[in-house]
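# Summary of structural features
These are the residues of each chain, in order.
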Amino acid sequence: MTYNRDSSFEVIGMDFIFELLFELIAEGTVELSKSVKVPKFIRYPLIAIVILFFVGVIGLMVFAGLAAFQENVILGIALIAIALLILVMGIVKFRITYLKKKNEKQ
């Protein structure tokens, strides 16, 4: 197996590009969903997309934790604990971001 300096640069470059694009899309979606200037029929689907993405990630982590639990108990517990921590932090962030504004309007 030979090391090709050019191909490793391409992989790092593509990784950076995908990360940058995903970050721009994710941040843009979150910021648009918080903006009052954006119509509700656009904001609500964006909020649903963000929630579904995080539910999917948390679900995959719980599934991986349950699968790993059979092989390595500590790893399984750690993955499930991290997933639950992310879930709790997500709920708190959602309440602060979206429900706080709703209460301020009343």
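Check the entry above for the structure.
Let me begin by describing the structure that accompanies this report. On a predicted model such as this, the values are computed, not experimentally measured, just so you know.

### Notes on a negative patch on the surface
Residues Asp15, Glu19, Glu23 and Glu27 make up a contiguous surface patch of negative charge. Within the secondary structure layout, glutamate 19 lies in helix α1 (residues 5-34). With relative accessibility at 48%, the residue glutamate 19 sits in the partly exposed group.

### A word on a nonpolar patch on the surface
Taken together, the side chains of Met14, Phe16, Ile17, Phe18, Leu20, Leu21, Leu24 and Ile25 present a nonpolar region at the surface, about 820 Å² in accessible area. Inspection of the secondary structure puts methionine 14 in helix α1.

### So, helix α2 (residues 40-71)
Taking 1.5 Å per residue as the helical rise, α2 with its 32 residues ought to reach 46 Å, and the 47 Å between its terminal C-alpha atoms agrees with that figure. When we look at burial in α2, the residues that qualify are Arg43, Leu46, Ile47, Val50, Ile58, Met61, Gly65 and Ala68.

Definitions and cut-offs
Residues numbered from 1 in each chain as written. Predicted model: local features only at pLDDT ≥ 70, side-chain atom pairs only at ≥ 80, totals over all residues. Heavy atoms only, no water. Patch = residues over 30% accessible without salt bridge, like charges linked within 9 Å, V, L, I, M, F, W, Y side chains within 5 Å. Areas by Shrake-Rupley, 256 points an atom, 1.4 Å probe, with all protein chains shown as cover. Salt bridge = Lys/Arg side-chain N within 4 Å of Asp/Glu carboxyl O. Lys, Arg positive; Asp, Glu negative; His and termini not counted. Charge placed at Lys NZ, Arg CZ, Asp CG, Glu CD. Helix = DSSP H or I, 4+ residues; strand = E, 2+ residues; numbered from the N terminus. Buried < 20%, exposed > 50% of the residue type's maximum accessible area, 1.4 Å probe, protein only. Expected span 1.5 Å × (residues − 1).

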